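Summary of structural features
What follows is each chain in one-letter form.
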Protein chains: 4
Amino acid sequence: MILVLRPDATPEQIQHVMDRIEELGFRPHVSKGEHRTIVGVIGDDTKPHSEALEAIPGVEQVLRILKPFKLASREIQPRDSVVQVGAVRIGAGHLAMIAGPCAVESAPGLDAIARRVKAAGANILRGGAFKPRTSPYSFQGMGEQGLEILREVGDRYQLPVVTEVMDPRQVELVARWADMLQIGARNMQNFDLLKEVGQVRKPVLLKRGMSATVKDLLMSAEYILAGGNPDVVLCERGVRSFEDSTRNMLDMSAVPNVKGQSHLPIIVDPSHATGRPDLIPSMARAAVAAGADGVHVEVHDCPEKALSDGPQALLPDQFDKLMRDVRRLAEALGARFN
Amino acid sequence: MILVLRPDATPEQIQHVMDRIEELGFRPHVSKGEHRTIVGVIGDDTKPHSEALEAIPGVEQVLRILKPFKLASREIQPRDSVVQVGAVRIGAGHLAMIAGPCAVESAPGLDAIARRVKAAGANILRGGAFKPRTSPYSFQGMGEQGLEILREVGDRYQLPVVTEVMDPRQVELVARWADMLQIGARNMQNFDLLKEVGQVRKPVLLKRGMSATVKDLLMSAEYILAGGNPDVVLCERGVRSFEDSTRNMLDMSAVPNVKGQSHLPIIVDPSHATGRPDLIPSMARAAVAAGADGVHVEVHDCPEKALSDGPQALLPDQFDKLMRDVRRLAEALGARFN
Amino acid sequence: MILVLRPDATPEQIQHVMDRIEELGFRPHVSKGEHRTIVGVIGDDTKPHSEALEAIPGVEQVLRILKPFKLASREIQPRDSVVQVGAVRIGAGHLAMIAGPCAVESAPGLDAIARRVKAAGANILRGGAFKPRTSPYSFQGMGEQGLEILREVGDRYQLPVVTEVMDPRQVELVARWADMLQIGARNMQNFDLLKEVGQVRKPVLLKRGMSATVKDLLMSAEYILAGGNPDVVLCERGVRSFEDSTRNMLDMSAVPNVKGQSHLPIIVDPSHATGRPDLIPSMARAAVAAGADGVHVEVHDCPEKALSDGPQALLPDQFDKLMRDVRRLAEALGARFN
Amino acid sequence: MILVLRPDATPEQIQHVMDRIEELGFRPHVSKGEHRTIVGVIGDDTKPHSEALEAIPGVEQVLRILKPFKLASREIQPRDSVVQVGAVRIGAGHLAMIAGPCAVESAPGLDAIARRVKAAGANILRGGAFKPRTSPYSFQGMGEQGLEILREVGDRYQLPVVTEVMDPRQVELVARWADMLQIGARNMQNFDLLKEVGQVRKPVLLKRGMSATVKDLLMSAEYILAGGNPDVVLCERGVRSFEDSTRNMLDMSAVPNVKGQSHLPIIVDPSHATGRPDLIPSMARAAVAAGADGVHVEVHDCPEKALSDGPQALLPDQFDKLMRDVRRLAEALGARFN
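Each chain carries its own residue numbering, running from 1 in the written order of its sequence. The naming scheme follows written order: chains are lettered A onward, ligands numbered 1 onward. Whole-chain, interface and lining totals are the exception, using all residues; otherwise, since this is a predicted model, local features are given only for residues with pLDDT of at least 70 and side-chain atom pairs are given and counted only at 80 or more. Only heavy atoms go into the side-chain values, all of them from the structure, while hydrogens and water stay out.

Let's shift gears to the relation of the copies chain A and chain B. Each of the two copies of the chain can be brought onto the other by a rotation about an axis and a shift along it. Superposing the copies works by least squares over the C-alpha atoms of residues that have pLDDT at least 70 in both of them. When chain A is fitted onto chain B, the two copies agree to an RMSD of 0.0 Å after a turn of 180 degrees and an axial shift of 0.0 Å. When the rotation and shift are considered jointly, the pair of chain copies conforms to a two-fold rotation axis. Among all C-alpha atoms of chain A, that of Ser211 of chain A lies closest to the rotation axis, at 2.9 Å. Comparing interface residues between copies, 100% of those in chain A also sit at the interface in chain B, which points to an isologous, same-surface contact. We call two residues in contact when some of their heavy atoms are within 4.5 Å.

This part covers the interface of chain C and chain A. In many reports, interface size means the accessible area that the parts give up when they come together. Contacts between the two partners involve 25 residues from chain C, matched on the other side by 25 residues from chain A. Here the buried area means the combined drop in accessible surface, using a 1.4 Å probe, for two parts upon being joined, counting both sides. Each partner contributes to the roughly 2,000 Å² buried at the junction of chain C and chain A, and carbon and sulfur atoms together form 66% of this total. The largest share of the area that chain C buries against chain A comes from Arg36, Ile65 and Phe242 of chain C, three residues that together contribute 24% of it. When a carboxyl oxygen of Asp or Glu lies within 4 Å of a side-chain nitrogen of Lys or Arg, that pair is called a salt bridge. The interface formed by chain C and chain A includes 2 salt bridges.

Moving on: helix H6 (residues 214-227) of chain A. Working note: α-helix, 3.6 residues per turn, so residues spaced by three or four point in the same direction. Residues and elements named next belong to chain A. For helices the rule is a DSSP run of H or I covering at least 4 residues; for strands it is a run of E covering at least 2, with both sets numbered from the N terminus onward. One fewer than the residue count of a helix, multiplied by 1.5 Å, yields its expected span. Between its first and last C-alpha, H6 extends 20 Å over 14 residues, near the 20 Å set by a 1.5 Å rise per residue. Relative accessible area decides the class of each residue, using a 1.4 Å probe on protein chains only: under 20% of the type maximum gives buried, over 50% gives exposed, and in between gives partly exposed. Where burial is concerned, most of H6 is hidden: 11 out of the 14 residues are buried. Taken residue by residue, H6 has Val214, Asp216, Leu217, Leu218, Met219, Ser220, Ala221, Glu222, Tyr223, Ile224 and Leu225 as its buried positions. Of the surrounding elements, those touching the buried residues of H6 are helix H5 (191-198), strand E11 (204-207), strand E12 (232-236) and helix H7 (254-261). Note on H6: the residue one or two positions beyond its end, Gly228, has a positive phi of about 115 degrees.

Residues and elements named next belong to chain D. Relative to the elements of secondary structure, Gly238 occurs in the loop between strand E12 (232-236) and helix H7 (254-261). When its relative accessible area of 0% is taken as the criterion, Gly238 is described as buried. As a C-alpha pair, Gly238 and Lys207 span 31 residues in sequence and 9.5 Å in three-dimensional space. Look past the residues within four positions of Gly238 in its chain and what remains in contact with it is Met210, Asn248, Met249, Leu250 and Ala273.

Moving on: the confidence of the model for chain A. As a per-residue measure, pLDDT tells how confident the predictor is, with possible values from 0 to 100. Across chain A, the average pLDDT comes to 93, with 98% of residues at 70 or higher. As a predicted assembly, this complex carries a pTM of 0.95 together with an ipTM value of 0.94.

Let us now look at the environment of Trp177 of chain A. All names here are of chain A. Take Trp177: it is sitting in helix H4 (residues 171-177). Overall, the relative accessible area of 22% leaves Trp177 in the partly exposed class. Expressed as a C-alpha distance, the spacing of Trp177 and Met219, which sit 42 residues apart in the sequence, is 27 Å. Ignoring sequence-local partners within four residues, the contact set of Trp177 consists of Glu144, Leu147, Glu148, Arg151 and Val161.

What follows is about the sheet that holds strand E2 (residues 27-32) of chain A. Residue and element names in this part refer to chain A. A sheet is described by the order of its strands in space; here 4 strands give the open sequence E2-E3-E1-E4, paired in antiparallel fashion. Of all strands in the sheet, those with a lone pairing partner are E2 and strand E4 (59-63), marking the two edges. Each strand of the sheet is rotated relative to its neighbour by a mean of 20 degrees, with strand direction disregarded. When DSSP finds two or more bridges between a pair of strands, those strands are recorded as paired. Here E2 pairs with strand E3 (residues 37-42) via 6 bridges, running antiparallel. Here the axes come from fitting lines to C-alpha atoms, over the contacting stretch only for helices, and the angles between their N-to-C directions go from 0 to 180 degrees.

Contact with chain A, which involves 52 residues of that partner, is made by 52 residues of chain B. Each partner contributes to the roughly 4,500 Å² buried at the junction of chain A and chain B, and carbon and sulfur atoms together form 51% of this total. When the buried area of chain A at its contact with chain B is split by residue, Tyr137, Arg169 and Glu304 of chain A rank highest and sum to 16% of it. Put simply, chain A and chain B have 8 salt bridges between them. Among the ionic pairs, Asp216 of chain A bridges to Arg240 of chain B, the shortest N-O distance being 3.0 Å. A 3.5 Å cut-off defines polar contacts: any pair of N or O atoms within that distance qualifies, except that in protein one atom must be a possible hydrogen donor and the other a possible acceptor, and neighbouring residues in sequence count only when both atoms are side-chain atoms. Between chain A and chain B we count 23 residue pairs in polar contact (both at pLDDT 80 or more) in total. Those elements that place two or more of their residues in the side of chain A that touches chain B are helix H1 (11-23), H5 and H6 of chain A. Take the side of chain A that touches chain B: its biggest share by element is 5 residues, from H6 of chain A. Along the lines of polarity and charge, the residues of the side of chain A that touches chain B split into 22 nonpolar, 12 polar and 18 charged. Note on residue classes: Ala, Val, Leu, Ile, Met, Phe, Trp, Tyr, Cys and Pro are nonpolar, Asp, Glu, Lys and Arg are charged, and everything else, Gly too, is polar.

Here the structure, examined in full by the defined rule, presents 104 salt bridges over all chains. One salt bridge in this structure joins Arg116 of chain D and Asp320 of chain D, with 3.1 Å as the shortest N-O distance. Of the two residues, Arg116 of chain D sits in helix H2 (residues 107-120) while Asp320 of chain D sits in helix H10 (residues 316-333), which places them 204 residues apart along the sequence. One network of salt bridges, with partners in common, ties together Arg20 and Glu23 of chain A together with Glu304 and Lys305 of chain B.

Moving on, we come to the nonpolar core. Residues belong to one nonpolar core when they are buried, are Ala, Val, Leu, Ile, Met, Phe, Trp, Tyr or Cys, and are joined through side-chain atoms within 4.5 Å. Counting 312 residues, the largest nonpolar core has Met252 of chain A, Met252 of chain B, Met252 of chain C together with Met252 of chain D as its most contacted members. Once residues within four sequence positions are removed from consideration, Met252 of chain D is found in contact with Leu250, Met252, Met283 and Ala286 of chain A together with Val268, Met283, Ala286, Ala287 and Ala290 of chain D.

Okay, the relation of the copies chain C and chain A next. The transformation that overlays chain C on chain A combines an axial shift of 0.0 Å with a rotation of 180 degrees, and the residual RMSD is 0.0 Å. Taken as a fraction of all interface residues of chain C, those also at the interface in chain A reach 100%, which identifies the copy contact as same-surface.

Below, the discussion takes up the sheet that holds strand E3 (residues 37-42) of chain B. Residue and element names in this part refer to chain B. Taken in spatial order, the 4 strands of this open sheet run E2-E3-E1-E4, and their pairing is antiparallel. For this open sheet the edge positions go to strand E2 (27-32) and strand E4 (59-63), each flanked by a neighbour on one side alone. On average, each strand axis in the sheet is tilted by 20 degrees relative to the strand beside it, whichever way the strands run. Relative to E3, strand E1 (residues 2-5) runs antiparallel, the two sharing 3 bridges. Counterpart to Leu3 in the pairing with E3 is Val39. Sitting on the sheet, helix H1 (residues 11-23) is in contact with E1, E2, E3 and E4, with an inclination near 150 degrees to E2.

See below:
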């Protein structure tokens, strides 16, 4: 950590800064420049309380030089993590192809979709039982019954299943039925929920919040890792922007950006990122070319009757084609499924 | 709701659109233009399932014309709501001046701050007992003990108290000690939490999410109102933007924007919006001039030792001056405290 | 400037960094921390070429500690600048109330509007002769004839006039007719245009770009000041954001943010910032309460027939009321007009 | 165009709306819903003046249904345009690989870089002679001498050359030396410059503005096309966002988004989009996988001594590898160079 002092900082203020740094257990190291005095703070600047140094009179700014996350960092674990979901591995060249409807709507409905995505080559089935909806008047999901259906259909097609958990009180219930727990974008900084899934022995799919930086995303992963659960897969799903022709803006560079700093796998969800079926296939291809560890796509066999997010779902035939394209790319790049 | 059809929509597709609209209980009304056919959908377009119409082949876009919130809307209640917190009224010309430290840190610490903000003219005391922190390694709040201290100090200075609740499991506990429950920005779309505080008989301070539109904010208020709790005060606290010299970007126009559409009171939090003590006082004045129903400011008597967000806290003397300025403005504008 | 070295920087890399710093005429000052070595660069870090240090192998990041602008800075000129436009002073407590139509459309049309805004208390008349329009098919302004009309009507009502210049080839022409030259948001980083108005002896109204930070705005002002023209007034007019219910997002905190760093006056344009007549009056009040040196408002007596931006114009009666409110606030705050 | 009337619109207001629509040469078509009356406006709603309808009392909102661009639209020209730059074709499966230094710094310097990028497989050489710099104190480019050097080196290596033009007065000069004129992000809405390059017989590389929507970008292309120059290549180069670990946010979905609406080629510039050499190669791969018509990359053989943007340049060896990867992908996808 580096403190930049104001040009008009008094000797008393400078002394006070030194004293305070030592009180917090750091060592100060002063450099006087032509225009500013700067104080290097020797020691671990991710320590709590260090942020308050910025409030000392005479301090103009505090520059942090260490990353605030540890367990998620590549400095701690240089090699790629591989997360196992059922029999499927994710990371280090193993691609997850997660597909399914936005919400579980009925047993036959899910069966029909699962059959198609399995045939196309998906290796994990998704489907929401608890749905975070902007409006209290929208369909809120089938709840526990939806979980049961998801489990049953997943088993039938030998697809491990992932579904969202929104409430810390439901973590145990969802973990009982699902192979992987999804934390949605709106809950990326729901810290009590993160702590709760940190206690569970199931892998977690952590989606990036709509205005979260890559660092924020890694800090939220750190909550889960610090809780004792090492199996976290990150998901880029677009962030809010001024562009009004897509639902969100897909930050594709988050893929190599995360990989440079962290050993955790990261996949891409072009369905929520774009909200437009005409853009999803090319963004799935781009994700794989960018080095993502998988893709997450919503598929529905009758989007116009979907109870949630129908307009952004791919038809099974479109998903078939997407899988063929992704497979060809993955081969060219040396990645594989499973 | 209006459907715009693609220029190449076939007669079969158009017929299918009509049938589907009627199936959903609406009446279609067709206008053929030179370049596009548009179909007006007569009926309540906030009904569930209507979004899925966008997925019908041949439909280019769906334009919604009704606001998706009802209970929060001025069309339902034209006059300003007044929310009562202890003896303090908020709304319709009554200003809330909420002040206190970011976190409750100790009984004597809070007492010293409360004494000063009360003397300056604050009418509600704030202080966090459960803290949403980006890092799992940061101070997470004193928990229930913090609530007790807050209650005690509030009573001593006859200030009703507001504090954040982050977890649906803690709503009952927090409601037992506090006069008003705060939903933080990161939880604005934590729908299970919103449902839970909708069940409570305590007023709620709902902060705008970091990438929430004004409509999103009102939809989240709708969750609480639909749950049966009519006492919601909104809070503008800045949104994420590219500007890197302030913590967030204060969207001051949200104040009249909300007031044009909704009867709910709205206050402004310049502390979180700017993160900079040098900008807070002028933003507090601007908020009152813009018609806000109050201001929410963090105050600490020793920011450099604060356990959370010290660098953005005002000193008690700075808060004194802010209150004098705001009072003068409020007089000029005919607003009042209490 | 401070260089943070990578944890794995080799001794050769570190030596190379030192050598390069000295080659550029700076002195290096090394601090070895537990996790990182940092190198303070003693000397003026706004010097050209210093950015390239970031590209040296072994350097992790470069932290800049000096502001990159000089002439615009309060460190160079501590007291507020006052810019004179005709007989009107702007800055240091003198408020500019700039009003008029988006575009000059005809002599009688402008006369009717000017008469009303003058009567209401505006002290500068605005009107576009060259219009930056998103579409090549929209009205592009009356050109030189518009300038003549503007001059004539301004003189008739003793209002100095401001109008936009978009093309370096027109600077001389516009400066011949107008009292103040406006640089629009889309041209804030049109550096050849900035250089050209830096050569002129007329004050410049520099609008903030739609995605410009406050620092970017001050750097663009620096171009004009460095060219030799000291009379620059800044204008906050909203930035692009995800909020879709207003045309832009008014960054009100830019007012005190600029004033803390720069001596230049800054005014606020709530017309372009919000695009909504229902929000403009309260944002004008808020601007004055925030300490802005004036307000810029579009007024039209028949918005539905305006050739440009009609929907965001205030009617003359609405502007009358706005002026009464602003005047009352200005009195309460001790500011004055002219 | 569709007008939605306010629920409280009076019969007189409604009549006035009808009259006004007819005055403008459109035909109104009324649908009365349960909550709102809507008026379809039959006729070409991209006509000037139609925006002003929003200002009529009683009108709540105006919904536009036609795209505001024509010549850039796929509805006018369904097949992909191919733009020829020297002997290189761009579009319809032909990829442009544009590479070179940010700025032309000297003849030997440019020669060394050109030799390497040519050998690696680049087919167009870039290099700035006029540089848009945020600071007036930064290197502003070599001007005409830089153009000469660029021409000479391009000829030597049989690479057509592209360089930026910033000022309408320099268009003729730049067009004399360069094979393709670049309009930079900061000038995307410098409409006088767009008009000027619309008059020229050289292809134009139009970069997306930092806060421009895809529609804005296409509208700016429309200015050039409407001026008579059909040879426009678009370039996605990232937009401003809250993410602070990359220079901009690369909107990869702009590639298929543009291609769905327009026949114009679009390439991607990962150098400016990310500002980070570690992210550029994977973003170049992703661009090609997304269907982009080429990539634009900055290369420098000694980034630490570059006079502009050194930290974001690739080294020649890194560019070699990037080209090998892109080539392999292009083969897998059936695209080709030239």
